[in-house]
Structure formats: structure tokens, C-alpha cells
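So the chains spell out like this:
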Amino acid sequence: MLLVGQEQAAIEADLGVFMPAGERAWGGLLRCVPIRLAAAMQHSGETLLRLPDGQERKIHPAGSPRPDRQGRLVVAFIGEGTIPSE
């Protein structure tokens, strides 16, 4: 679930761990993001990703939204805090 301000929407999320400059970080891609939420993410200071187990993590967009091959809106993001466990 994606939460931006007072709005929320069910989305698909692909999570991953990467190591920029030797530090562990996490992020990924959000798929099926409604246009209004993708726009709000660019200006909101409070965007949360609610994981299936109920945990929430603050995230930030990493670049502009774009359509994928199926025409779904995709937003790359970087996560804050601890890396979610699978």
C-alpha cells in the first residue's frame, strides 16, 4: 500500500538492496501508481510504503514517473530506515 499525505492506493512493489559507496541501502520500483499519487510523491514530505506484514517505511521518489511496457505508471524510489525483511 502506498500512502501519500491523506491518500492511499494499492500498488505493486519490487524491493531490492544495493550498496552505493559501500553502504547498504534499499529501494525499488512501485508499479501501478495512480497518476495523482505519483505527482503528490514529488512534492510531499511524507510518503510511506506499507508492507504486507503491516510495517511502514518512509520512501522518496528517485526520478520521474514513467510508463512500463504494459502502460502502468512506475516510480523508482529509495527507502529510509532499516531494510525490510522478506
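These numbers come from a predicted model, not from an experiment.

Student: What's the story with the overall build of the protein in this structure? I'm lost.
Tutor: Across its full length, the protein holds one helix and eight strands. Of the regular secondary structure in the protein, the N- to C-terminal order runs β-β-β-β-α-β-β-β-β. Since a compact globule built from 86 residues should have a radius of gyration of about 12 Å, the 12 Å found for the protein is in line with a globular shape. The buried share of the protein, taken over its 86 residues, is 31%. Of the roughly 5300 Å² that the protein leaves accessible, carbon and sulfur atoms contribute 52%. Of the charged side chains in the protein, 9 are positive and 10 negative, and the gap between their average positions amounts to 5 Å.

Student: When you look at the confidence of the model for the protein in this model, what are you seeing that I'm missing?
Tutor: Close reading of the predicted structure is inappropriate where its pLDDT is low. Looking at the protein as a whole, the pLDDT averages 90, with 99% of positions reaching at least 70. Mean pLDDT values for the elements of the protein range from 90 in helix α1 (residues 35-43) up to 96 in strand β5 (residues 47-50).

Student: What should I look at first to understand the pairing of strand β8 (residues 73-79) in this one?
Tutor: Taken residue by residue, a regular strand's side chains alternate between the two faces of the sheet. In terms of residue burial, β8 counts as a mostly covered element, since five of its seven residues are buried. One ladder, built from five bridges, connects strand β4 (residues 25-31) with β8; its direction is antiparallel. By the bridge assignment, Leu30 is partnered in β8 with Val75. Bridge analysis of strand β6 (residues 56-61) against β8 gives three bridges, and the strand direction is antiparallel. From the neighbouring strand, Pro61 faces β8, where its bridge partner is Phe77. As defined by bridge partners, strand β7 (residues 66-67) adjoins β8 across two bridges and the pair is classed as antiparallel.

Student: Would you mind going over the pattern of salt bridges with me for this structure?
Tutor: Any two side chains of opposite charge can pair, given that their charged atoms come close. Following the criterion strictly, the structure yields seven salt bridges and no others. Where Arg31 meets Asp14, a salt bridge forms, and the shortest distance between an N and an O atom there is 2.9 Å. Highlighted residues: Arg31 in strand β4 and Asp14 in strand β3 (residues 12-18), separated in sequence by 17 residues. Judged by relative accessible area, which is 37%, Asp14 ranks as partly exposed.

Cut-offs and rules
Residues numbered from 1 in each chain as written. Predicted model: local features only at pLDDT ≥ 70, side-chain atom pairs only at ≥ 80, totals over all residues. Heavy atoms only, no water. Helix = DSSP H or I, 4+ residues; strand = E, 2+ residues; numbered from the N terminus. Rg over C-alpha atoms; globule rule 2.2 N^0.38 Å. Buried < 20%, exposed > 50% of the residue type's maximum accessible area, 1.4 Å probe, protein only. Areas by Shrake-Rupley, 256 points an atom, 1.4 Å probe, with all protein chains shown as cover. Lys, Arg positive; Asp, Glu negative; His and termini not counted. Charge placed at Lys NZ, Arg CZ, Asp CG, Glu CD. pLDDT = per-residue confidence, 0-100. Pairing = 2+ DSSP bridges. Salt bridge = Lys/Arg side-chain N within 4 Å of Asp/Glu carboxyl O.

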